[in-house]
Amino acid sequence: MRTEKVTDKITLYNCDCMDMFKEIPDKSIDLILTDSPYELNIHGGTKNNDFGNRKLISEKHIDYICGGFDYDNVFARFKRVLKNINMLIFCSNNQISKIMSYWENEGCSVTLLVWDKPNPIPLCNGKHVSNLEFIIYVRGKNATWNNLGYSMSLKSYHYPAPKERIHETEKPNDLLRHLLSIHSNIGDTILDPFGGSFSTAIACHDEGRNFIGSEIDEIHFDKAYKRLRTHVRQLDLFK
């Protein structure tokens, strides 16, 4: 397990998240904000034609983030490390009912939020264009909620997807900062067990939050770590 301390407030782990959880004390996290591995059937549909075969080949590179995750084991760790149940989980359409049902059965308030991208990839192949991504907000007793006004409290968010990205499922910084502003406070500790591009770490630095996160893939970790260090140095120099 590799550990990198970007600042005294940002700690990154290059490992399976289950190993990272062993390093986190009970009741020490204020918010979990994570882009979980999606459950996607990327090889479905018609393959017996030229377009279908090209699509199948081109999408094999994202197999590793399309198999979902072990809900019971991961969510058990979530419950252990959170001070109060307070989390935002990006997920695929296939995961909505599973994740919502799990936390409803735990007695939590569960809300479906939507990120409506104004610049989705214009490829549908006989299906609806994928302009929506889903975020499940899970709230327990005493979870942080900052009332920042009507427009900030809507259940849909309209931010363009990043034009330049280092990870296939990277989320925009402005969207993540929006979510952090509502569901956490300055000085809070945010956890992302599926770090990917570590965009959440960048948003936490910008919003004055502490961050702990892990990414299992070494190549993505190195790219994200390098970008995060550059961002922190540039922002601190500007300040």
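Let us look at the structure shown here. (Residues numbered from 1 in each chain as written. Predicted model: local features only at pLDDT ≥ 70, side-chain atom pairs only at ≥ 80, totals over all residues. Heavy atoms only, no water.)

## As for the pattern of salt bridges
And then number 1: Applying the stated rule across the entire model yields 13 salt bridges.
And then number 2: Asp222 serves as the salt-bridge partner of Arg2, at 2.6 Å between the closest nitrogen and oxygen. In this pair, Arg2 sits in strand 1 (residues 2-7) while Asp222 sits in helix 7 (residues 218-238), placing the two residues 220 residues apart along the sequence.
And then number 3: For Asp206, the salt bridge is made with Arg177, and the minimal N-O distance between the two is 3.8 Å. Linking Asp206 in helix 6 (residues 199-207) with Arg177 in helix 5 (residues 173-183), this pair joins segments that are 29 residues apart in sequence.
And then number 4: The class of Asp206 is buried, set by a relative accessible area of 16%.
And then number 5: A relative accessible area of 27% places Arg177 in the partly exposed class.
And then number 6: When salt bridges that share partners are traced, they join Asp35, Lys117, Glu133 and Lys171 into one network. (Salt bridge = Lys/Arg side-chain N within 4 Å of Asp/Glu carboxyl O. Helix = DSSP H or I, 4+ residues; strand = E, 2+ residues; numbered from the N terminus. Buried < 20%, exposed > 50% of the residue type's maximum accessible area, 1.4 Å probe, protein only.)

## What about the nonpolar core?
And then number 1: Counting 33 residues, the largest nonpolar core has Phe75, Phe78, Met87, Trp103 and Leu191 as the members making the most contacts within it.
And then number 2: Breaking this core down by element, the ones donating at least two residues are helix 1 (17-21), helix 3 (71-81), strand 4 (86-91), helix 4 (96-105), strand 5 (109-116) and strand 6 (132-139).
And then number 3: In this structure Phe75 touches Phe69, Ile89, Ile99, Tyr102 and Trp103, once residues within four positions along its chain are discounted.
And then number 4: Listed in part, the 30 residues of the second largest apolar core include Val6, Leu175, Leu180 and Val232. (Core = buried A, V, L, I, M, F, W, Y, C linked by side-chain atoms within 4.5 Å. Contact = heavy atoms within 4.5 Å.)

## Some thoughts on the environment of Ser184
And then number 1: For Ser184, the location among the structural elements is in the loop between helix 5 and strand 8 (189-192).
And then number 2: Look past the residues within four positions of Ser184 in its chain and what remains in contact with it is Leu31, Thr144, Asn146, Ile190 and Arg209.
And then number 3: A distance of 2.7 Å separates a polar atom in the side chain of Ser184 from the backbone oxygen of Leu180. (Polar contact = N/O pair within 3.5 Å; in protein donor to acceptor, adjacent residues only side chain to side chain.)

## Topic: the packing of helix 5 against helix 6
And then number 1: Here helix 5 crosses helix 6 at 60°, and the two axes come no closer than 9 Å. One element, helix 5, and the other, helix 6, form an angle in the oblique class. Between helix 5 and helix 6 the crossing geometry is right-handed. Between helix 5, through Asn173, Leu176, Arg177, Leu180 and Ser181, and helix 6, the contact on the second element is made entirely by Ser199, Thr200, Ile202, Ala203, Cys204, Asp206 and Glu207.
And then number 2: Split by residue class, the contact of helix 5 with helix 6 holds 5 nonpolar, 4 polar and 3 charged. (Axes fitted to C-alpha atoms, helices over the stretch in contact; angles between N-to-C directions. Parallel < 35°, antiparallel > 145°, perpendicular 65-115°, else oblique. Left-handed = near helix turned anticlockwise from the far one by under 90°. Nonpolar A, V, L, I, M, F, W, Y, C, P; charged D, E, K, R; others polar.)

## Focus: the packing of helix 3 against helix 4
And then number 1: The N-to-C vectors of helix 3 and helix 4 enclose an angle of 45°; their axes lie 12 Å apart at closest approach. When the axes of helix 3 and helix 4 are compared, the pair comes out oblique. Along this stretch, helix 3 crosses helix 4, giving a crossing that reads as right-handed. Side by side, helix 3 and helix 4 meet where Tyr71, Asp72, Phe75, Ala76, Phe78 and Lys79 of the first sit next to Lys98, Ile99, Tyr102 and Trp103 of the second.
And then number 2: Considered class by class, the residues forming the contact of helix 3 with helix 4 number 7 nonpolar, no polar and 3 charged.

## A look at the packing of aromatic side chains
And then number 1: Taken as a whole and assessed by the stated rule, the structure comprises 12 aromatic pairs.
And then number 2: When the ring of Phe221 is compared with that of Tyr225, the centres are 6.2 Å apart and the planes differ by 20°; the resulting orientation is stacked. Note that Phe221 and Tyr225 are positioned in helix 7 at a spacing of 4 residues, about one turn of the helix.
And then number 3: Among the aromatic side chains, those forming a connected cluster through ring pairs are Phe21, Phe69, Tyr71, Phe75, Phe78, Tyr102, Trp103 and Phe194. (Phe/Tyr/Trp six-rings, centres within 6.5 Å; stacked < 30°, edge-to-face > 60°.)

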